[in-house]
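Coordinate inspection notes
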Amino acid sequence: MASSLTCSGVIWALLSLLCAAASCVGFFMPYWLLGTQMDKPVSFGTFRRCSYPVRDEERQVTVMLEQCGRYASFNGIPSLEWRICTVVTGVGCGLLLLVALTALMGCCISDLISRTIGRVAGGIQFVGGLLIGSGCALYPLGWDSEEVQQTCNNSSDQFQLGSCQIGWAYYCTGAGAAAAMLLCTWLSCFAGKKQKQYPY
């Protein structure tokens with residue numbers, strides 16, 4: 001099976017897949033922000049939440065429903081900043097995934113990735129990582145929303161966690177984006193083989 005990648009290109013393809021997987025898994029998981037509400041653990045992502053209060057009509061009390069789910073609608077996401085973060089981070093993850101899958105196909109298909117295509121793919125990875133990084137930077141702006149304040153003992157504000165803490169999914173998303181921007185972009189410059197010059 002012929003490959004269009006150099007040895008550095010194969011490393012680039014595998015690292016691209018790893019970075020895309022880390023960013024996508026971190027983005028999808030609702031463990032960006034961790035706190036407690038009514039003595040139950042609560043966690044938030046950009047568009048998902050685990051454990052939320054519901055009204056029990058039989059007993060006329062509010063109870064915590066311990067399950068994870070998406071918000072009912074895009075406008076249901078607690079803050080405008082988190083909505084922007086969801087879109088920006090989602091687009092960035094999509095770009096990283098697209099390049100990673102293309103790079104993996106380059107391991108099996110000859111003449112798919114030339115030096116120029118490798119560099120363009122690296123540029124796309126840089127943009128994807130930049131978008132995800134921007135989403136991670138926007139996320140703390142939503143910590144002043146009512147839902148987050150209820151979870152963080154009414155002591156959270158923009159860039160102030162209060163009694164909450166940052167979860168593993170936030171770090172996973174950011175680390176995948178940083179590695180894509182720095183390592184993958186650099187490795188992509190050496191990924192493609194030089195194309196053969198045909199005499200005709």
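Above: the structure in question.
Residues numbered from 1 in each chain as written. Predicted model: local features only at pLDDT ≥ 70, side-chain atom pairs only at ≥ 80, totals over all residues. Heavy atoms only, no water.

Throughout the structure, instances matching the rule amount to three salt bridges. Across the salt bridge formed by K40 and E66, the nearest N and O atoms sit 3.4 Å from each other. In this pair, K40 is assigned in strand 2 (residues 40-44) and E66 in strand 4 (residues 61-70), connecting sequence segments 26 residues apart. Note that D56 and R59 form a salt bridge whose closest N and O atoms lie 2.8 Å from each other. (Salt bridge = Lys/Arg side-chain N within 4 Å of Asp/Glu carboxyl O. Helix = DSSP H or I, 4+ residues; strand = E, 2+ residues; numbered from the N terminus.)

This brings us to the sheet that holds strand 1 (residues 33-37). Strand order in the open sheet formed by five strands is 4-3-2-1-5, with antiparallel pairing between adjacent strands. Each edge of the sheet is formed by a strand with only one pairing partner; in this case those strands are strand 4 and strand 5 (165-166). (Pairing = 2+ DSSP bridges.)

Further remarks concern the side chain of S23. Tracing the sequence through the fold places S23 in helix 1 (residues 7-28). At a separation of 3.2 Å, a polar atom in the side chain of S23 contacts the main-chain amide nitrogen of A177. Those residues in contact with S23 that sit more than four places away from it in its chain are C93, L96, I132, C172, T173, G176 and A177. (Polar contact = N/O pair within 3.5 Å; in protein donor to acceptor, adjacent residues only side chain to side chain. Contact = heavy atoms within 4.5 Å.)

This next bit is on a nonpolar patch on the surface. A surface patch of nonpolar side chains, amounting to about 230 Å² of accessible area, comprises L17, L97 and L101. On the basis of relative accessibility, which here comes to 36%, the residue L97 falls in the partly exposed class. (Patch = residues over 30% accessible without salt bridge, like charges linked within 9 Å, V, L, I, M, F, W, Y side chains within 5 Å. Areas by Shrake-Rupley, 256 points an atom, 1.4 Å probe, with all protein chains shown as cover. Buried < 20%, exposed > 50% of the residue type's maximum accessible area, 1.4 Å probe, protein only.)

Our focus in this paragraph is unusual backbone geometry. One non-glycine residue with positive phi stands out, namely M38, at about 55 degrees. Examined against the element boundaries, M38 turns out to sit in the loop between strand 1 and strand 2.

Here strand 1 pairs with strand 2 via five bridges, running antiparallel. From the neighbouring strand, G35 faces strand 2, where its bridge partner is V42. Counting the residues between successive antiparallel strands, the hairpin from strand 1 to strand 2 contains two residues, one of them, M38, with a positive phi of roughly 55 degrees. As defined by bridge partners, strand 2 adjoins strand 3 (residues 48-56) across two bridges and the pair is classed as antiparallel. Across the sheet, the residue bridging to F44 is R49, located in strand 3. Joining the antiparallel neighbours strand 2 and strand 3 is a turn of three residues.

Interpretation in functional terms is not warranted from these geometric data alone.
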